[in-house]
Amino acid sequence: MVGWLRAIGRFLYFIASTSESIIAFLLLTAFGTPKKKAGFIVRRRWLNRLPGPMGLRLDVIGQPTKEPALIVCNHISYDDPIVVLLHVEAQVVAKAEVKKWPLVGFGALLVGTI
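Numbers given to residues run from 1 along each chain, matching the order in which its sequence is written. Side-chain atom pairs in this predicted model are given and counted only at pLDDT of 80 or more, local residue features only at pLDDT of at least 70, and totals for whole chains, interfaces and linings cover all residues. To get the side-chain values, take all heavy atoms of the structure and skip hydrogens and water.

> How should I be thinking about the layout of surface pockets in this particular structure?
Any empty space left between atoms is shown by rolling a water-sized probe over those atoms. A cavity here means a set of points on a 1 Å grid, drawn over the protein atoms and nothing else, where a 1.4 Å probe fits but cannot get out; a pocket is an open set with protein on both sides within 12 Å along at least five of seven lines, and a residue lines either one if it has an atom within 4 Å of a point. Grid points are joined across faces, edges and corners, and a volume is the space filled by probe spheres set on the points. Put simply, the largest pocket is a space of about 1,600 Å³. Lining the largest pocket are 48 residues, with Pro81, Ile82, Leu85, Val92 and Val93 positioned closest to its centre. Counting only elements with at least two residues in the lining of the largest pocket, the list comes to α1 (2-30), α2 (35-49), α3 (80-87) and α4 (104-110). Counting residues per element, the lining of the largest pocket draws most heavily on α1, which supplies seven residues. A class-by-class count of the residues in the lining of the largest pocket yields 31 nonpolar, nine polar and eight charged. Estimated volume of the second largest pocket: approximately 210 Å³. Lining the second largest pocket, in full, are Arg57, Leu58, Asp59, Val60, Pro64, Ile71, Val83, Val84, His87 and Val88. Split into classes, the residues belonging to the lining of the second largest pocket amount to seven nonpolar, one polar and two charged. Under the scheme used here, helices are H or I runs from DSSP no shorter than 4 residues and strands are E runs no shorter than 2 residues, and both carry numbers assigned from the N terminus. When residues are grouped by polarity, Ala, Val, Leu, Ile, Met, Phe, Trp, Tyr, Cys and Pro land in nonpolar, Asp, Glu, Lys and Arg in charged, and all others, Gly among them, in polar.

Given below as structure tokens:
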């Protein structure tokens, strides 16, 4: 039973954090921050708040390149993009159906996901 309660709590945290980030993006752009800059600011803040409350433990080995690069990931869970984007500033490309996902699709659209 405790596992289900923890999962529900993490899900609710994800929804609240994502909703708050969408509102923050809308406020930043309403007060004149360029959309691309606001997207990076909000996404970075959102990503930094997720791992602990979502139960993710990260062990980082090595460092990503600081030079321009193409990073291609074939991920197996919904956590993988969060982990990768925590460590690189990237323009995200997602499959077309992501834009149809509730909340996440709208957030992805706002921050400039292709």
